[in-house]
Structure formats: structure tokens, C-alpha cells
Amino acid sequence: MGTVASTRDWLVHRLHLGPMLEKISHKEVPVHRYGVFYYLGGMTLFFFLVQVGTGILLMLYYRPSASEAYESVEFIVTAVPFGWLIRSLHSWSANLLVYFAFLHLASVYFLKAYRKPREVTWVSGVLLFFVILGFGFSGYLLPWNQLAFFATKVGTDIAGAVPVVGEWMVRFLRGGERVGGGTLSRFYGWHVAILPALTTVMLGLHLLLVQVHGMSVPPAAREEAKARRPMPFIPHFALRDLFGWALALGVLAALAALFPWELGEKADAFAPAYKDIKPEWYFMFMFQTLKLVPGGEIFGIEYEAFPILIFSLGGLAMLLVPFLDRGEAGSKSGAIATWIGVAAVIYMVVLTAWGYHSWVPVWIVLGTVVLLALLALATRRAER
Ligand code: HEM
């Protein structure tokens, strides 16, 4: 036996990998017209791994203090070899990660993959999504530039409108009364320790459950999947996954190199309030909703508290989706869930476009839908 084979055998025995390898070698993926959506979770995983790799490299030079953060990022993008590229990759990939996590969430939602026995897979997924948004919110402040500073000020201020616990929440988020050096160290702690630890646990559980339950077949494709031979995961599906990752790497590298992420001006708490305060695009629909609410209060509760309450209930409902729609294929609760999902997506896209005074968000979403439909058609023919 060659050295490679004997080392492999040694590891398989010592780590007791036999049963796991056995399971993976027999894993199969159903083949049907919605098969393209099975690749979205893997894509999300790809962008997450890019974040881990580039984030660790950025940590080597970044300094989380109000007097040094901006300068350290400036140093990374001007003096460190390829530092500009690593920072640009981290920023672009962060945005693509949120977008793909959302596409993955939306596809498993509309295809009803959260139903029995995948309730916990769904809940761990929603928690992962919230953690990803937390990464985005905390990471935005780290370069300590004007845009981030004022957006964090406004963003954390919003928590203050929550009745009873609002003031405490603002202080908890900011690590003090105001956004300052304390906020920066706190956000850094969230970004590089607390959230990665939570992600490790949630992602481990999520991927384990996906292996345990296998891929679900959407109710609308049951007959079709029954009539077609499933695809072996190794090597057929895994190679297709890898092909997608190679494409994603190409697109990501091109974006990062051709449109390097801006740094802007250093944060100055005493500068007149920044005119064009913008949160990251994925918070825009909530920001725009709050902008439409007039100032004032009723029974001591600020008007702003009502949309905040609705968004919080929306988040909770998302977490509980598998328990709210327990229906079977073609059930009424399933149809209601679909229409609520469609309405929520339209609301988010319209308010985002309104927030930016631009049609770009609409084109991006329509472009994605067309691209996924074309991919679904193309792969359907190839696998017949
Ligand atoms: C870091 C974020 C995430 C990663 C890396 C991830 C990864 C994956 C992977 C690799 C799969 C198997 C392939 C696939 O169905 O696409 C999967 C399946 C699944 N994911 Fe995620 N996911 C993430 C977030 C989410 C979110 C936000 C949700 C929704 C709330 C979710 C819900 C599910 C469900 C229900 C399945 C099973 C799908 C089926 O059996 O058809 N995941 N995930």
C-alpha cells in the first residue's frame, strides 16, 4: 500500500471517519427543475469562507481604537502588499454573503424546505442570517470613517425609541452614552470573537442537519423527482458546486480589483452631521420606513416604536415559520406563506429603491430572478 493510502487509512481509523465517509459516499441529490436552488447554500458557504480568510489577514494589521483604526486601515490599503485587495475582497464578499444568504433563505422559504423534518435546519439558518447582519453592522464601523460613524450613531439611536428598555439597549450597543472609542472596541469584540463563535456553533449544526436529512424535494417537483435518477453527491454534485465557487471567485476578484472599496474621510464627532447618512443597503428598507414616520409620541411611546415593533415581530415570525405553516403540499397555510413572502420581498425592494432614489435595486433583483430562471432551464436540459 502506498504512503498516501496508508496514511489515509490510519486517519480514517483513528478519527473514526468510516461511518461518515460511508454516508457521504452514498449521498444523493434529487434531480428536478428547481435543482439550481440547491447550490445557493454552498455559494453562501463560499462567501463565508472568504470572509474568514480575508478577515484573519486584516486582523494582523488592524487596530481597534478611535485614534488608530482609520490610520491602520489606511496603512493596509497603501503600504501593506496586496492589503488593498484583501480589504476590497473582504468588503465585496461581505455584501455578496448577505445577498446570497438572503437568496438561499428566500429559496428554501418559497420551496417549503423548512417543513418537517427540517424545522431546526430552518431555525439555525435564520439565526445564521441574523448573525450575518450583525457582522455587517459591526464591521461597518471598524474603518472609523465619517459615513460609518454617523450611520452607527443613527442606527444605534433607533434602539432608543423602544419603550422601557430602549435607553439600556443604546448604552449596551454603544458601550457608553455616545458613539466613541468604547463603541469601536465593543463592535470589534462582536465582529471578531462573539459572532464568529456563534457562527461556528450554528453553522456546524446547520451543515450537520443538512447531511442528516438530505435534500428536500419541493412539493411542486415531487412527481418529476420520482421519475428521474438522483445525482450522486460525490463527485457529480460536489464538482458542480466547485464550478460555481470558481465562477464566484472570478466575479468577486474582478469586482474587488476593478472597484476597490473606498475608505473616505476619518470620523470626526465634532464635524457637522454628515449630510448623506446611509446604512448598508440591507438595512435601507427599515431605515427608509422609519424616515417616513413623523416625529411625536402617543401615551409616552414614540411613533418610531411601532415600525420597530413590527420589524421585530417580522423577525420572530421568520424564526417560527416552520411552526406557523405546518401544512402539507398544496395546503392553504402554504399558499398564505407564499403570498406573505412575495409581499415582504416587494416591500423590501420598493423601500430600498425609494431610499436610494434609484431603480438599481429593482434591476438587481429582477436580474437575479432572470439569471436563476435561465440556470434552472439550462441545467434541466443538461440532466435529462
Ligand atoms: C452562513 C449562512 C448559511 C450557510 C453557509 C448555509 C449552508 C447551507 C448548505 C450548504 C445547504 C445544503 C445545500 C442547499 O440546500 O443549498 C443548506 C441547506 C438548508 N439551509 Fe442553509 N445556510 C446558511 C443560511 C441559511 C438560512 C439563512 C436559512 C433560512 C432561514 C437556511 C435554511 C436552510 C434549509 C431549510 C436547508 C435545507 C434545504 C433542503 O433540504 O432543501 N440556511 N444550507
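Before reading on, note that the structure itself is shown above.
The following refers to the structure shown.

**Focus: the coordination of the iron atom of the ligand**
- The protein atoms that coordinate the iron atom of the ligand are His-104 (NE2) and His-206 (NE2), at distances spanning 2.0 to 2.1 Å.
- Around the iron atom of the ligand, the 6 donor atoms are arranged such that angles at the metal cover 86 to 179°; this shape is classified as octahedral. Taken together, the residues His-104 in helix H5 (residues 83-110) and His-206 in helix H9 (residues 181-213) connect sequence positions 102 residues apart.

**Considerations on the site of the ligand**
- Near the ligand, the surroundings consist of 25 residues, among which Gly-41, His-104, Gly-125, His-206 and Ser-216 are the closest.
- Interatomic distance of 2.8 Å between a side-chain N/O atom of His-206 and a nitrogen atom of the ligand.
- Here Ser-216 contributes a side-chain N or O atom positioned 2.7 Å from an oxygen atom of the ligand.
- Ranked by the residues each element gives to the shell around the ligand, the list is headed by helix H6 (residues 119-141), at 7 residues.

**Description of unusual backbone geometry**
- Omega for the bond connecting Lys-116 with Pro-117 falls within 30 degrees of zero, at 5°, which places this linkage in the cis form.
- Following Ile-234, the chain continues into Pro-235 via a peptide bond in cis, with omega recorded as -5°.
- Relative to the elements of secondary structure, Pro-235 occurs in helix H11 (residues 233-258).
- If you check the backbone angles, Val-164 has positive phi at about 65° while not being a glycine.
- Along the chain, Val-164 turns up in the loop between helix H7 (146-159) and helix H8 (166-174).
- For His-357, which is not a glycine, the phi torsion comes out positive at approximately 50°.
- Counting through the fold element by element, His-357 comes out in the loop between helix H15 (332-356) and helix H16 (360-382).

**Considerations on the pattern of salt bridges**
- Per the counting criterion, the structure on display carries 8 salt bridges.
- Ionic pairing is found between Arg-33 and Glu-224, a salt bridge with its closest N-O pair at 2.8 Å. You can see Arg-33 sitting in the loop between strand E1 (28-29) and helix H3 (40-59) and its partner Glu-224 sitting in helix H10 (residues 222-227), a full 191 residues away along the chain.
- For Arg-33, a relative accessible area of 34% puts it in the partly exposed group.
- Residue Lys-226 pairs with Glu-223 through a salt bridge whose shortest N-O separation is 3.9 Å. In this pair, Lys-226 and Glu-223 are both assigned in helix H10, 3 residues apart and thus about one turn of the helix distant.

**A look at the environment of Phe-150**
- Considering the arrangement of structural elements, one finds Phe-150 in helix H7.
- You can call Phe-150 buried: its relative accessible area is 4%.
- Once the C-alpha coordinates of Phe-150 and Val-179 are considered, the two residues, 29 residues apart in sequence, prove to be 8.8 Å apart.
- Those residues in contact with Phe-150 that lie beyond four places of it in its chain are Asp-268, Ala-271, Pro-272, Ala-273, Tyr-274 and Ile-277.

Conventions and cut-offs
- Residues numbered from 1 in each chain as written.
- Predicted model: local features only at pLDDT ≥ 70, side-chain atom pairs only at ≥ 80, totals over all residues.
- Heavy atoms only, no water.
- Donors = N, O, S within 2.8 Å, 3.2 Å for Na, K, Ca; no water.
- Tetrahedral: all angles 85-135°; square planar, octahedral: opposite > 155°, others 65-115°.
- Helix = DSSP H or I, 4+ residues; strand = E, 2+ residues; numbered from the N terminus.
- Near = heavy atom within 4 Å.
- Polar contact = N/O pair within 3.5 Å; in protein donor to acceptor, adjacent residues only side chain to side chain.
- Salt bridge = Lys/Arg side-chain N within 4 Å of Asp/Glu carboxyl O.
- Buried < 20%, exposed > 50% of the residue type's maximum accessible area, 1.4 Å probe, protein only.
- Contact = heavy atoms within 4.5 Å.

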